[in-house]
Amino acid sequence: MIAAMDISIRKVERSKLLELDPNNLPFGKYFTDHMLEADYENGEWKNIEIKPYQPLLISPSVAALHYGQAIFEGIKAYKDGEGNAYIFRPHDNYKRFNISAERMQMPAVPEELFIEGMRKLIELDKNWIPSSPDHSLYIRPFMFASDEMIGVKPSDSYKFLIILSPTGPYYSAPMRIYVEEQYVRAVPGGVGYAKAAGNYGAAMYATAQAKKKGYDQVLWTDAFEHKYVQEIGTMNVFFIIGNKAITPDLGLGTILAGVTRQSTITLLQEAGFEVEERRLTIDEIMEAYKSGQLFEVFGTGTAATISFIKELRYKDFVMKFDVEKWKTAPTIKQWLTQIREGKREDKYNWMWKI
Ligand code: COI
C-alpha cells in the first residue's frame, strides 16, 4: 500500500498558464505545469513524484517501444460555478486500467497511486481546468514496459505516469462514419476490451482509408462475418430505433467498456428509454433506416463525449440524418454537461470532488 504522503511534490518555478490561449485548445495539444511519474521495480512501486512536466529519458531498447506493453486511460476534470474541481467517475477508469493491465501482463496500479496521485496532481494544476462550454481538463494516466531488453517477455519494470491537458471538444461537428468490412479491430479472445495503445495504432490504416473517402471514422464490424457492429474508432456507439436505444453488448470482449457508454445507458433509462445491450447487425440498422425507424446514431466516449453522426455508409448504402431535428442525443449530452458543471443533480454520484 502506498500512503498519500509517499508522493513527493516538486513544483515549477514559473507556471506556463499565462501563455495558454483559452480560446484555442485543440484536443491533447497543451499540457499543464506538472505530471506524475512512478516506477515499478522488483515488484513494488517507488520514486513516486509529482514534478514539472518534462520529457522522459528512455533507452532505445525500452520494451514498450518494441512489443507494445502500453496501456492508458482517458478521464476528465471539470470546475463548477464556485470554482470547485471535480473528476468524472475516476474510480471506473481506475478499474478498467487494471483490467487492461492484467490483459497485457502488466502489474496492477494501486488505487492510492492512481486516484490519490491524480487528486494531488489536479489540486496542484487546478487553475488549468478550462471553464468555457464543452471544455475540460483531460487526464491521461498511462503505463508502459520500461525494461531495457529486447527479448520477447513481459517486462519486469514499468513506468506509470499521469499528464493533464486542458482541452476543447474532440469532434466539434457531426460526423460521417464508414462501416468497415475489410479491416478488423478486435476478435473474441483478443485485446479489444483493453485500452491498449496498440489497439489505436492498429486502427489507423483502416481509418486513413475511410478518411480518403471523406469519412471521419470507421464503425468496426465483427471479424468473421463483418455483420455485427462493434464500436467507432474512439467511441462506443448507440442507435435509437423506434422507442428503444440499442448499443452493442460487451459479451465477446471485443468492445471497450466505456464509462461514458455506461453513463449514457443510465441517462437514457432516466429519460424513459428501454436500453438494449445486444448484438446488432448492419442489416437490422439498414432495415430500420429504410422503414423510418432509425432516428438517431451517436458515439460516446470520454474525449468525444456525445458525438452526433450525420451520415453512416455501408458499402454503397448511405444513411443520412438531420441532427438538427434530434431530441435524444442532444438531451443526454446536455444532461451530462449539466451534471459535470454542477448544474444538474448528480444523483448517481459521478462527480468526485477534489
Ligand atoms: C478517450 O475517449 O479518452 C480516449 O482515450 C479516446 C481517444 C482520445 C484515444
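Anyway, here's the lowdown on the structure attached to this text.

Quick notes on the overall build of the protein chain
The number of helices and strands found in the protein chain is seven helices and 18 strands. Over its C-alpha atoms the protein chain spans a radius of gyration of 21 Å, differing by no more than 12% from the 20 Å that the globule rule assigns to 354 residues. For the protein chain, the C-alpha atoms occupy an extent of roughly 60 × 50 × 35 Å along the three principal directions. Buried residues in the protein chain amount to 53% of all 354 residues.

With respect to the layout of surface pockets
Reported here for the largest pocket is a volume of approximately 810 Å³. Contributing to the lining of the largest pocket are 40 residues, with F72, R140, Y170, Y200 and T234 lying nearest its centre. With seven residues, helix α4 (residues 197-212) is the single largest residue contributor to the lining of the largest pocket. A breakdown of the residues in the lining of the largest pocket according to their chemical character gives 20 nonpolar, 12 polar and eight charged.

Structural notes on the packing of helix α2 (residues 90-103) against helix α3 (residues 111-124)
Interaxial distance between α2 and α3 falls to 11 Å at its minimum, and their mutual angle equals 145 degrees. Between α2 and α3 the crossing geometry is right-handed. Between α2 and α3, the contacting residues are P90, H91, N93, Y94 and F97 on the first element and E111, F114, I115 and M118 on the second. Broken down by class, the residue content of the contact of α2 with α3 amounts to six nonpolar, two polar and one charged.

Here's the deal with a nonpolar patch on the surface
Together, L56, I58 and L65 give the surface a local cluster of nonpolar side chains, amounting to about 260 Å² of exposed area. Its place among the elements puts L65 in helix α1 (residues 63-67). On the accessibility criterion, L65 (57% relative accessible area) is exposed.

Examining the pattern of salt bridges
Evaluated as defined, the whole model comprises 28 salt bridges. A salt bridge links K159 to D39, with the nearest nitrogen and oxygen atoms 2.6 Å apart. Of this pair, K159 sits in strand β8 (residues 158-167) while D39 sits in strand β2 (residues 34-41), placing them 120 residues apart in sequence. By the burial criterion, K159 is buried, and D39 matches it. Put simply, E116 and R119 hold a salt bridge, and the shortest N to O gap is 2.7 Å.

A look at the packing of aromatic side chains
Counting across every chain of the model gives 21 aromatic pairs. With a centroid separation of 6.3 Å and an interplanar angle of 80 degrees, the aromatic rings of W45 and F160 are classed as edge-to-face. Highlighted residues: W45 in strand β3 (residues 44-52) and F160 in strand β8, separated in sequence by 115 residues. The class of W45 is buried, set by a relative accessible area of 10%. A relative accessible area of 0% places F160 in the buried class. Seen from their ring centres, F321 and W326 are 6.3 Å apart, and the 65 degrees between their planes marks the pair as edge-to-face. Residue classification places F321 among the buried positions, given a relative accessible area of 11%. Linked through ring pairs, Y40, W45, Y94, F97, F114, Y158 and F160 together constitute an aromatic cluster. Above the face of the Y215 ring, R176 is positioned so that its terminal group lies 4.5 Å from the ring centre. Between K333 and the ring centre of F308, over which it is positioned, the NZ or CZ distance is 5.4 Å.

Let's talk about the pairing of strand β13 (residues 244-247)
Note that strand β12 (residues 236-241) and β13 share three bridges and pair antiparallel. Residue I240 lies in a different strand from β13, and its bridge partner there is A245. Linkage of β12 to β13, two consecutive antiparallel strands, is achieved through a turn of two residues, within which G242 is found at a positive phi near 60 degrees. Relative to strand β14 (residues 274-277), β13 runs parallel, the two being bridged by four bridges. Note on β14: the bridge partner recorded for A245 is V275.

Concerning unusual backbone geometry
For N42, which is not a glycine, the phi torsion comes out positive at approximately 50 degrees. Turning to its location among the elements, N42 is positioned in the loop between β2 and β3. Look at K315: it is not a glycine, yet its phi comes out positive at around 50 degrees. Among the structural elements, K315 can be located in the loop between β16 (305-314) and β17 (317-320). Among the residues examined, K315 registers a relative accessible area of 42% and is labelled partly exposed.

Calculation notes
- Residues numbered from 1 in each chain as written.
- Predicted model: local features only at pLDDT ≥ 70, side-chain atom pairs only at ≥ 80, totals over all residues.
- Heavy atoms only, no water.
- Helix = DSSP H or I, 4+ residues; strand = E, 2+ residues; numbered from the N terminus.
- Rg over C-alpha atoms; globule rule 2.2 N^0.38 Å.
- Buried < 20%, exposed > 50% of the residue type's maximum accessible area, 1.4 Å probe, protein only.
- 1 Å grid on protein atoms, 1.4 Å probe; cavity = no way out; pocket = protein on both sides within 12 Å on 5 of 7 lines; lining within 4 Å.
- Points joined across faces, edges and corners; volume = space filled by probe spheres on them.
- Nonpolar A, V, L, I, M, F, W, Y, C, P; charged D, E, K, R; others polar.
- Axes fitted to C-alpha atoms, helices over the stretch in contact; angles between N-to-C directions.
- Left-handed = near helix turned anticlockwise from the far one by under 90°.
- Contact = heavy atoms within 4.5 Å.
- Patch = residues over 30% accessible without salt bridge, like charges linked within 9 Å, V, L, I, M, F, W, Y side chains within 5 Å.
- Areas by Shrake-Rupley, 256 points an atom, 1.4 Å probe, with all protein chains shown as cover.
- Salt bridge = Lys/Arg side-chain N within 4 Å of Asp/Glu carboxyl O.
- Phe/Tyr/Trp six-rings, centres within 6.5 Å; stacked < 30°, edge-to-face > 60°.
- Lys NZ or Arg CZ within 6 Å of the ring centre and 35° of its normal.
- Pairing = 2+ DSSP bridges.

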